Amino acid sequence: MVDVYVGFTFLSAWIVYREKSLARAFPWMAAVLTLGNVVAALYAFLAAVGSGGDWQRFWLGARAKQ
């Protein structure tokens, strides 16, 4: 069970860091907590598509330098 909680913690931290506000991050965190890796994969997929191939934008999201 520890690996599940550690994974959720790291993914949630990434989502909070990547999103513009907690209001945008919280629904994703709640969805990952309740629905699991399917939502985590969806978030990563949408982040990859939205980054347009830019790895810095993929990892940093709104914090990436334009």
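Everything here concerns the structure above.
Chemist: Can you walk me through the overall build of the protein chain in this structure?
Modeler: In terms of regular secondary structure, the protein chain is built from 4 helices and 0 strands. Listed by position from the N terminus, the elements making up the protein chain come as α-α-α-α. Taking 11 Å as the expected radius of gyration for a compact globule of 66 residues, we find that the protein chain reaches 12 Å, a close match to that expectation. C-alpha atoms of the protein chain, sized along the principal axes, occupy 40 × 20 × 15 Å. Relative to its 66 residues, the protein chain shows a buried fraction of 27%.

Chemist: What's the story with helix 2 (residues 22–35) in this structure? I'm lost.
Modeler: Residues that lie three or four places apart on an α-helix share one face, since the helix turns once every 3.6 residues. A rise of 1.5 Å per residue sets the reference length of helix 2, with its 14 residues, at 20 Å; its end C-alpha atoms lie 19 Å apart and thus fit the reference within 8%. Turning to helix 2, its buried residues number three or more, namely Ala25, Met29, Ala31 and Val32. Down the axis, helix 2 shows its buried residues gathered within 160° of arc, on one side only. Opposite the buried face of helix 2, at more than 90 degrees from it, the exposed residues are Ala23, Phe26, Thr34 and Leu35. Where helix 2 is buried, its residues touch helix 1 (2–18) and helix 3 (37–51).

Chemist: Even after reading the chapter, I still don't get the packing of helix 1 against helix 2, so can you show me in this structure?
Modeler: Describing two packed helices takes the angle between their axes plus the distance from one axis to the other. Axis separation between helix 1 and helix 2 bottoms out at 9 Å; the angle between their running directions is 155°. Relative to helix 2, the element helix 1 is oriented roughly antiparallel. Seen along the crossing, helix 1 lies across helix 2 with a hand that is right-handed. Of the residues in helix 2, those touching helix 1 at Phe8, Leu11, Ser12, Ile15 and Val16 are Leu22, Ala25, Trp28, Met29, Val32 and Leu33. When its residues are assigned to classes, the contact of helix 1 with helix 2 shows 10 nonpolar, 1 polar and no charged.

Chemist: What is the right way to read the nonpolar core from this model?
Modeler: What tends to happen in soluble globular proteins is that the nonpolar side chains get buried as a cluster. Ranked by size, the top nonpolar core spans 12 residues in total: Leu11, Trp14, Ile15, Ala25, Met29, Ala31, Val32, Val39, Ala40, Tyr43, Ala47 and Phe58. Breaking this core down by element, the ones donating at least two residues are helix 1, helix 2 and helix 3. The contacts of Val39, once residues within four sequence positions are left out, are Trp28, Ala31 and Val32.

Reading the values: rules and limits
- Residues numbered from 1 in each chain as written.
- Predicted model: local features only at pLDDT ≥ 70, side-chain atom pairs only at ≥ 80, totals over all residues.
- Heavy atoms only, no water.
- Helix = DSSP H or I, 4+ residues; strand = E, 2+ residues; numbered from the N terminus.
- Rg over C-alpha atoms; globule rule 2.2 N^0.38 Å.
- Buried < 20%, exposed > 50% of the residue type's maximum accessible area, 1.4 Å probe, protein only.
- Expected span 1.5 Å × (residues − 1).
- Arc of directions from axis to C-beta.
- Contact = heavy atoms within 4.5 Å.
- Axes fitted to C-alpha atoms, helices over the stretch in contact; angles between N-to-C directions.
- Parallel < 35°, antiparallel > 145°, perpendicular 65-115°, else oblique.
- Left-handed = near helix turned anticlockwise from the far one by under 90°.
- Nonpolar A, V, L, I, M, F, W, Y, C, P; charged D, E, K, R; others polar.
- Core = buried A, V, L, I, M, F, W, Y, C linked by side-chain atoms within 4.5 Å.

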